[in-house]
Amino acid sequence: MHTVKSMTGYGKAEVVLTSGCKMTVEIRTLNGKTADIGIKSQYLPKEKELAIRNLIGQRLQRGTIDVYITLEQQAEKLAHPINSELLGSYLGQLKDFAAKEEIDLQQYDGLILTSLLRLPDVLDSRKTDLITEEDYPLLDEVFDKALSAVEAYREKEGVVLDADIRSRIANILALYEEVEGYEQERIEAVREKLKHNLDELGQKVDPQRFEQEMIFYLEKLDINEEKVRLRQHCKYFLETMEGEPYPGKKLGFIIQEIGREINTTGSKANHSGIQKCVVKMKDELEKMREQSMNVL
């Protein structure tokens, strides 16, 4: 039996790049109407981003997808290089100025170097490319592992989701069987009510004419068509769950059709027992709707 997949997922993978940096990719997914992919990183090369987005879209299909990329850099990679020529020029100018103004720089030893390092362009703060073209195969590898972990998570969550939705369908069908049990009772109740009203009015009615009117009246309250359609919709719902790889959107449409049949049954009920069953069916259907919104 095919099991649906949840849109909720999580996956994580790590790889060591050619520079020696450890790269970690985390992917978190929640339900969404389309593939809304957000990459939270400044490290992913622009020329590689489109290919990664396409890969994520193909593998995960749908959902709000957040991708986090972190790098644990080596100390030498973290340190900003010093522009020694510029620092020497600043220091020479400072010494010339101090000599001209007869200022003793020794008393400012602790502050001079710190102040000079803060001057423009003394430290090269430009971001170095930590992921190079040589790392692209490793990038593909780490994303493949992270996506596989997400897919496994979604399948595991889908088992619980699948079981819950199937139980809701079973409950709705069982409740409709209860409705059928009330039908004869409902017909008798309608018949007695009409007779009682006529007796109170003191009206004598031809029995044959009364039966004809009863048939006409009960036809308006007949729920056989709703019963047949609801069972067909429930069957189609289960077939869609089992037969399609990504049934989530279609399930939402089928739920709307099931809801129509339940509502029509309620409007024709004219019986407290049937009305109670209709309320319970609506409750089960609403829970189904909430769960189906997370079906891939």
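Because the structure is a prediction, the values reported are computed rather than measured.

### Concerning the overall build of the protein chain
Alright, step 1. Across its full length, the protein chain carries nine helices and four strands.
Alright, step 2. The linear arrangement of helices and strands in the protein chain, starting from the amino end, is β-β-β-α-β-α-α-α-α-α-α-α-α.
Alright, step 3. Expressed as a percentage of the 296 residues in the protein chain, the buried residues total 35%.
Alright, step 4. When the accessible surface of the protein chain is totalled, it reaches about 17900 Å², and 51% of it is carbon and sulfur.

### Things to note about the side chain of Asp-135
Alright, step 1. Checked against the element boundaries, Asp-135 lands in the loop between α4 (109–117) and α5 (136–201).
Alright, step 2. Apart from the residues lying within four places of it in its own chain, the contact partners of Asp-135 are Leu-17, Thr-18 and Leu-130.

### Quick notes on the packing of helix α8 (residues 248–268) against helix α9 (residues 272–292)
Alright, step 1. With their axes 10 Å apart at the nearest point, α8 and α9 run at an angle of 170 degrees to one another. Here α8 lies roughly antiparallel to α9, going by the angle between them. Touching Gly-248, Ile-255, Gln-256, Ile-258, Gly-259, Ile-262, Asn-263, Thr-265 and Gly-266 of α8 are Ile-274, Gln-275, Val-278, Met-281, Lys-282, Leu-285, Met-288, Arg-289 and Ser-292, all from α9.
Alright, step 2. Taken together, the residues that form the contact of α8 with α9 break down as eight nonpolar, eight polar and two charged.

### Some thoughts on the sheet that holds strand β4 (residues 63–72)
Alright, step 1. Taken together, the four strands give an open sheet; going across it, the order is β1-β2-β4-β3, and neighbouring strands pair in mixed fashion. Since the sheet does not close on itself, it has two edges, and those belong to β1 (9–16) and β3 (35–40), each with one partner. Across the sheet, the mean angle from the axis of one strand to that of its neighbour is 15 degrees, orientation sign disregarded.
Alright, step 2. Note: β3 against β4, six bridges, orientation parallel. Bridging from a neighbouring strand, Ala-35 pairs with Gly-63 of β4.
Alright, step 3. Together, β2 (22–30), β3 and β4 form the strand contacts of helix α1 (residues 46–60), whose direction differs from that of β3 by roughly 135 degrees.

### Looking at the nonpolar core
Alright, step 1. By size, the foremost hydrophobic cluster in this structure holds 26 residues, and its most contacted members are Phe-237, Ile-258, Ile-262, Met-281 and Met-288.
Alright, step 2. Of all the elements in the fold, those that place two or more residues in this core are α5, α7 (224–243), α8 and α9.
Alright, step 3. In terms of residues, this core owes the most to one element, α5, which gives seven residues.
Alright, step 4. The contact partners of Phe-237, leaving out residues within four places of it in the chain, are Ile-165, Ile-169, Leu-251, Ile-254, Ile-255 and Met-288.
Alright, step 5. The next biggest cluster of nonpolar side chains, apart from the first, holds 25 residues, and it includes Val-15, Leu-130, Ala-146 and Leu-147.

### Comments concerning the confidence of the model for the protein chain
Alright, step 1. On average, residues of the protein chain score 82 in pLDDT, and 73% of them reach the 70 mark or higher.
Alright, step 2. Ranking the helices and strands of the protein chain by mean pLDDT puts β1 first, with 94, and helix α2 (residues 75–78) last, with 49.

### A short note on the side chain of Asp-162
Alright, step 1. Within the secondary structure, Asp-162 sits in helix α5.
Alright, step 2. On the basis of relative accessible area, Asp-162 is assigned to the buried category, the value being 3%.
Alright, step 3. Not counting residues within four places of it along the chain, the set of residues in contact with Asp-162 comprises His-2, Thr-3, Val-4 and Met-241.

### Quick look at the pattern of salt bridges
Alright, step 1. Applying the stated criterion across every chain, the model contains 25 salt bridges.
Alright, step 2. Note that Arg-166 is salt-bridged to Asp-162, the shortest N-O span being 2.5 Å. Here Arg-166 pairs with Asp-162, and both are found in helix α5, just four residues apart, close to one helical turn.
Alright, step 3. Residue Arg-166 is classed as buried on the basis of its relative accessible area of 16%.
Alright, step 4. Connected via shared salt-bridge partners are Glu-225, Glu-226, Arg-229, Glu-261 and Lys-268.

### A word on unusual backbone geometry
Alright, step 1. Of note in the backbone geometry, Gln-61 takes a positive phi value of approximately 65 degrees without being a glycine.
Alright, step 2. Structurally, Gln-61 is set in the loop between α1 and β4.
Alright, step 3. Taking relative accessible area as the criterion, Gln-61 reaches 34% and is therefore assigned partly exposed.

### Digging into the pairing of β1
Alright, step 1. Here β1 shows a buried face lined by Gly-9, Gly-11, Ala-13 and Val-15 and an unburied face lined by Tyr-10, Lys-12, Glu-14 and Val-16.
Alright, step 2. As defined by bridge partners, β1 adjoins β2 across eight bridges and the pair is classed as antiparallel. Looking at the pairing, Tyr-10 lines up with Arg-28 of β2.
Alright, step 3. Counted between consecutive antiparallel strands, the loop separating β1 from β2 contains five residues, among which Gly-20 sits at a positive phi close to 95 degrees.

About the thresholds
Residues numbered from 1 in each chain as written. Predicted model: local features only at pLDDT ≥ 70, side-chain atom pairs only at ≥ 80, totals over all residues. Heavy atoms only, no water. Helix = DSSP H or I, 4+ residues; strand = E, 2+ residues; numbered from the N terminus. Buried < 20%, exposed > 50% of the residue type's maximum accessible area, 1.4 Å probe, protein only. Areas by Shrake-Rupley, 256 points an atom, 1.4 Å probe, with all protein chains shown as cover. Contact = heavy atoms within 4.5 Å. Axes fitted to C-alpha atoms, helices over the stretch in contact; angles between N-to-C directions. Parallel < 35°, antiparallel > 145°, perpendicular 65-115°, else oblique. Nonpolar A, V, L, I, M, F, W, Y, C, P; charged D, E, K, R; others polar. Pairing = 2+ DSSP bridges. Core = buried A, V, L, I, M, F, W, Y, C linked by side-chain atoms within 4.5 Å. pLDDT = per-residue confidence, 0-100. Salt bridge = Lys/Arg side-chain N within 4 Å of Asp/Glu carboxyl O.

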